[in-house]
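Inside the fold
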Amino acid sequence: MFRIVTDTKFQVGFESFTDTTAYDRLELDGELPGWLSGTLLRSSVSLFEVGTTRMRHWFDGLAMLHNFTFADGEVAYRSRMLGSRAYREAQKAGHATLSEFGTDPCRSIFKRVQATFHPELTDNGAITVNRIGDEFLAMTETPMPVQFDPRSLETLSTDHRAKAPGDISTAHAHIDPGSGGMLNYALKIGPKCSYRFYTVGGSGGPTVVATAATRRPRYMHSFGVTDNHIVLLAGPLTISVGKLVGSALAKRSFLESMEWKPELGTEILVFDRHSGELLREFETETMFCFHHVNAFERDGRLVVDVCAFEDPAIIYELYLDNLRGGEARLPQATLRRLVLDLSDGGVTAEQLWDGYFELPRINYRACNGRPYRYAYGVSAAPGVTEPQWFESLVKVDVESGEAKLWYEPGLYPSEPVFVSSPEARAEDDGVVLSIGVDAEARHSELTVLDAASMEPIARAAVPHVIPFGFHAYHYSKL
Ligand SMILES: [Fe+2]
């Protein structure tokens, strides 16, 4: 029996929270594995009202950082607002001064793109964190990462050397399989637009390692990488350069400068990771993707797993008025496998599991770029066909199509972060960490699940609600 829910309780996760906190020991229910140490670093979207500015879109909320530090069976927790230029200037001015994804309070796009050093673009690193050696960066999709101290969460620099060589980037950088540095994507906008990939190592600025010209740039949120290839899946959500730079009087947000052109289909660009050469362009069905899950080579083919939507309607559902008004209906993303034949350019597609699947994670260290079995993600509650928000966690066996779902009514979980046990003998030997919002009790909890069974083994209570966010990473050592 399918059901449609109208449930507004989850809206507590869209309320602003800006407190700097520090708890040496969170109250625990259950027992943490003795081996679990290190730090879970997470960003959240935490401030939606800045003086006179009301952010319009969920993605626009100003960023907060959180860390959960595990040691000796206990977990400590801290929170602090990211001291980005976007946050500091807004505090000073009494309104937002920089343009966010869906909110452009007072500037013309023309000025933003004309400016060589992007002084008008936001650096609100709310999407995720990345690491280059000992440096930790909060990142969004503009070129400017914000460096922070992973222990105190204090902001260290808004002028970091890892600026992306372009105008639009992605927060979903990879660990470069060659150098161990950061490998990321940038779109250079100008009379001639180009997709770029770049690496940043232990010192110095970015090095461009691959480029491809594009006459009609598209919006990308992530990409895939294997030992030998870089994969860019470009659905037909185009960035209108004309809208972006041609309307000096317009006060459009970045979101309003994008156009969905389903007739263009999806392009998949495959680069040689070593030489940077664009090896082949593939064409496949129209889809919109935020997230790659994994990519790997098998039998002369490139397997590319993604979370695919039919169209980008999800972006428009995430306007705050929809979310707060109980009107949101999240379109279904499904776990899709694209198999690219590198010799003849053919593409086949299949759905790996029939449920909703987003915010994907894998055992990254062991499996990224390699054949793998398990993908973890968020999903709908059992039997719900039109979810309003994420209500369950799921682990999908991508070989068999079997899935294990964990669902607890009233708890709205976040992205499941896999942490491998130090003596792991199996791909799923470890735990899954997820920060959920207990809507009824109005607080958050860090849930620790056994990754093999997807059963909870411990819960750490956070005394307040951590607003919803996107991504988190666990680091064994800082
Ligand atoms: Fe993302």
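Described below are features of the structure shown in this document.

**Considering the sheet that holds strand β27 (residues 358-361)**
As summarised here, the arrangement of the four strands in space is β27-β28-β29-β30, forming an open sheet in which the pairing is antiparallel. At either end of the open sheet lies a strand with only one pairing partner, and these are β27 and β30 (403-407). Strand-to-strand twist of the sheet, defined as the mean angle between neighbouring strand axes without regard to direction, takes the value 20°. One ladder, built from five bridges, connects strand β29 (residues 392-397) with β30; its direction is antiparallel. From the neighbouring strand, V396 faces β30, where its bridge partner is A403.

**Considerations on the environment of L449**
With respect to the helices and strands, L449 occurs in strand β34 (residues 443-450). Expressed as a C-alpha distance, the spacing of L449 and I239, which sit 210 residues apart in the sequence, is 40 Å. Once residues lying within four places of it in the same chain are set aside, the contact partners of L449 are W406, V431, V432, M454, E455, P456 and I457.

**Describing the sheet that holds strand β18 (residues 229-234)**
In space, the four strands of this open sheet follow the order β17-β18-β21-β22, with antiparallel pairing throughout. At either end of the open sheet lies a strand with only one pairing partner, and these are β17 (224-225) and β22 (278-284). Relative to strand β21 (residues 266-272), β18 is paired through six bridges, and the arrangement is antiparallel. Residue pairing across strands places L232 opposite L269, the latter belonging to β21.

**Remarks on the nonpolar core**
With 138 residues, the main nonpolar core has L82, A138, V231, L232, V304, C307 and V432 as its most contacted residues. When residues in this core are grouped by element, the largest group, seven residues, is from strand β24 (residues 301-309). For V304, the contacting residues outside a window of four places in its chain are G224, V231, L233, A295, L338 and L340.

**Points about unusual backbone geometry**
Of note in the backbone geometry, D72 takes a positive phi value of approximately 50° without being a glycine. Tracing the backbone shows D72 in the loop between β6 (62-71) and β7 (74-81). A positive phi angle, close to 45°, is found at L359, a residue other than glycine. In this fold, L359 is placed in strand β27. Overall, the presence of 23 C-beta atoms within 10 Å leaves L359 in the buried class.

Quick notes on the rules
- Residues numbered from 1 in each chain as written.
- Predicted model: local features only at pLDDT ≥ 70, side-chain atom pairs only at ≥ 80, totals over all residues.
- Pairing = 2+ DSSP bridges.
- Helix = DSSP H or I, 4+ residues; strand = E, 2+ residues; numbered from the N terminus.
- Axes fitted to C-alpha atoms, helices over the stretch in contact; angles between N-to-C directions.
- Contact = placed C-beta atoms within 7 Å.
- Core = buried A, V, L, I, M, F, W, Y, C linked by C-beta atoms within 7 Å.
- Buried ≥ 20, exposed ≤ 12 C-beta atoms within 10 Å, placed from the backbone.

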